[in-house]
Amino acid sequence: MKRYLAIFLAVLMMIPTFAMAEGVVKIGVFEPASGDSGAGGKQEMLGMQYANAVQPTVEIGGESYEIRTDFRVILDIFVMLSDPDLSGTDRAEGILQMFYVSPEDIPPQHLQEAVDAFSWFQNGGQEPDKRKSPKLVDWEQDYPLILPPINRIFGRDIREIPYDAKTNTGGVHWWTFLGAYNDLGDCTFAQVVRIRDKKARGKTLEKDEREWYRRNSDLVNIKNKLSQEEETTISTWLKLGKE
């Protein structure tokens, strides 16, 4: 696998599919949007179709490869991708190891396509929108806000639905999760996203929104993640300031 990744990274330098800067591989992560991808749009309708469909494999180089489809796996990958301590190599390897049941079976020349397939899958089977847009969701930070309304849609706590990672059975398909996500309606999370969107676009908040933001700024403001090196540097500065 390490040898494959070395070849994979060489391919990345020749194919500008990812934007790479300072060792970071930038991969689009599903976020709510307007239009087709917004609530009530085509994406929501597709989500309901996906809830009744199964996508246990993706096609790479004309061959089918089994993937892990449970929502917890995809969210874990999102958390991994947001880790500032990981290099581009680490992120690429993380996707391959976490998303594919047998990543070692993927030929080196198709590793780029394998990572692209993850981007397609996590975006609900749609090609990712490459237009630049503000970050409105942090899946790790927002998970406690997203889960309750999704549980209401399912009529149960979806964390209780068992998933066996070894046999890759059970669980809740990511597209089923997205179908519920796109049908959340009015809830705390929706309010958080609305305010983030307005602030990102420089729009003035209404009086009630300003008050809500004042009381819930810790929910609205996306927390910056520091690398271990940055945390160590800040900790050192703080210690020096106390001496």
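That block above? That's the structure.
Because the structure is a prediction, the values reported are computed rather than measured. (Residues numbered from 1 in each chain as written. Predicted model: local features only at pLDDT ≥ 70, side-chain atom pairs only at ≥ 80, totals over all residues. Heavy atoms only, no water.)

## As for the overall build of the protein chain
Our working definition: Here a strand is any run of E in DSSP of at least two residues, a helix any run of H or I of at least four, and the numbering for each starts at the N terminus. Categorising residues by exposure relies on relative accessible area from a 1.4 Å probe, with only protein chains included: less than 20% of the type maximum marks a residue as buried, more than 50% marks it as exposed, and the intermediate range marks it as partly exposed. Note on definitions: a residue-residue contact is assigned when non-hydrogen atoms from the two residues lie within 4.5 Å. Throughout, the Shrake-Rupley method with a 1.4 Å probe supplies accessible areas, and for residues the shown protein chains are the sole cover considered.
Tallying secondary structure elements over the protein chain gives 10 helices and six strands in all. Scored against the burial criterion, the 243 residues of the protein chain give a buried share of 42%. Taking the contacts inside the protein chain whose residues are at least 6 apart along the sequence as the reference set, 68% of them involve residues at least 24 apart. On the protein chain, roughly 13900 Å² of surface is accessible, and the fraction owed to carbon and sulfur atoms is 52%.

## Here's the deal with the pattern of salt bridges
The criterion, for reference: The rule for a salt bridge is simple: a side-chain nitrogen of Lys or Arg has to be within 4 Å of a carboxyl oxygen of Asp or Glu.
Evaluated as defined, the whole model comprises nine salt bridges. The residue Arg-72 makes a salt bridge to Asp-70 at a minimum N-O spacing of 2.7 Å. Arg-72 sits in the partly exposed class, given a relative accessible area of 22%. Judged by its relative accessible area of 0%, Asp-70 is buried. When the shortest N-O distance is used, the salt bridge between Asp-186 and Arg-194 registers 3.1 Å. One network of salt bridges, with partners in common, ties together Glu-211, Arg-214 and Arg-215.

## Topic: the packing of aromatic side chains
The geometry of an aromatic ring pair is captured by two quantities: the separation of the ring centres and the angle between the planes. The condition that has to hold: Classification of ring pairs uses Phe, Tyr and Trp, with its six-membered ring standing for Trp, and accepts pairs whose centres are within 6.5 Å; under 30 degrees between planes counts as stacked, over 60 as edge-to-face, and the remaining range as tilted.
In this structure the tally under the stated criterion is 14 aromatic pairs. Ring geometry for Phe-99 against Phe-118: centres 5.2 Å apart, planes inclined by 75°, an arrangement best described as edge-to-face. One end of the pair, Phe-99, is in helix α4 (residues 88-99); the other, Phe-118, is in helix α5 (residues 111-122), and 19 residues separate them in sequence. A single burial state applies to Phe-99 and to Phe-118, both of which are buried. Here Trp-174 and Phe-177 contribute two aromatic rings whose centre-to-centre distance is 5.2 Å and whose plane-to-plane angle is 15°, an arrangement assigned as stacked. Linking Trp-174 with Phe-177, this pair stays in helix α7 (residues 174-181), spanning three residues, or about one helical turn.

## Here we look at the pairing of strand β4 (residues 63-66)
What counts here: Here, any two strands with at least 2 DSSP bridges between them count as paired.
Both strand β3 (residues 57-60) and β4 contribute to a ladder of four bridges, which runs antiparallel. From the neighbouring strand, Glu-59 faces β4, where its bridge partner is Ser-64. Following β3, the chain reverses through two residues before pairing antiparallel with β4; Gly-61 in that reversal takes a positive phi of roughly 60°.

## Some words on helix α8 (residues 188-200)
The following threshold applies: Here the expected span of a helix is defined as 1.5 Å times the quantity of residues minus one.
Between its first and last C-alpha, α8 extends 18 Å over 13 residues, near the 18 Å set by a 1.5 Å rise per residue. The complete set of buried residues in α8 reads Phe-189, Ala-190, Gln-191, Val-192, Val-193, Ile-195, Arg-196 and Lys-198. Contacts made by the buried residues of α8 are with α6 (139-154), α7 and α9 (207-220). At the C-terminal side of α8, Gly-202 shows a positive phi close to 70°.

## Focus: the nonpolar core
Which entries qualify depends on this criterion: By convention a nonpolar core is built from buried Ala, Val, Leu, Ile, Met, Phe, Trp, Tyr and Cys residues, the set being connected through side-chain atoms within 4.5 Å.
Residues Tyr-100, Trp-139, Trp-174, Phe-177 and Phe-189 are the most contacted members of the largest nonpolar core, which totals 50 residues. At the level of elements, β3, α3 (71-81), α4, α5, α6, α7, α8 and α9 are the ones that each hand at least two residues to this core. Per-element tally for this core: the top contributor is α3, with eight residues. Look past the residues within four positions of Trp-174 in its chain and what remains in contact with it is Thr-69, Phe-71, Ile-74, Leu-75, Phe-78, Phe-121, Gln-122 and Trp-139.

## Quick notes on the environment of Val-220
Residue placement: Val-220 occurs in helix α9. A C-alpha to C-alpha distance of 9.1 Å links Val-220 and Phe-189, two positions 31 residues apart in sequence. Aside from chain neighbours lying at most four places away, what touches Val-220 is Val-192, Ile-195, Arg-196, Trp-212 and Tyr-213.

## Quick word on the environment of Pro-144
Among the structural elements, Pro-144 can be located in helix α6. Residue Pro-144 is classed as exposed on the basis of its relative accessible area of 54%. Distance in space between the C-alpha atoms of Pro-144 and Phe-189 is 9.1 Å, their sequence separation being 45 residues.

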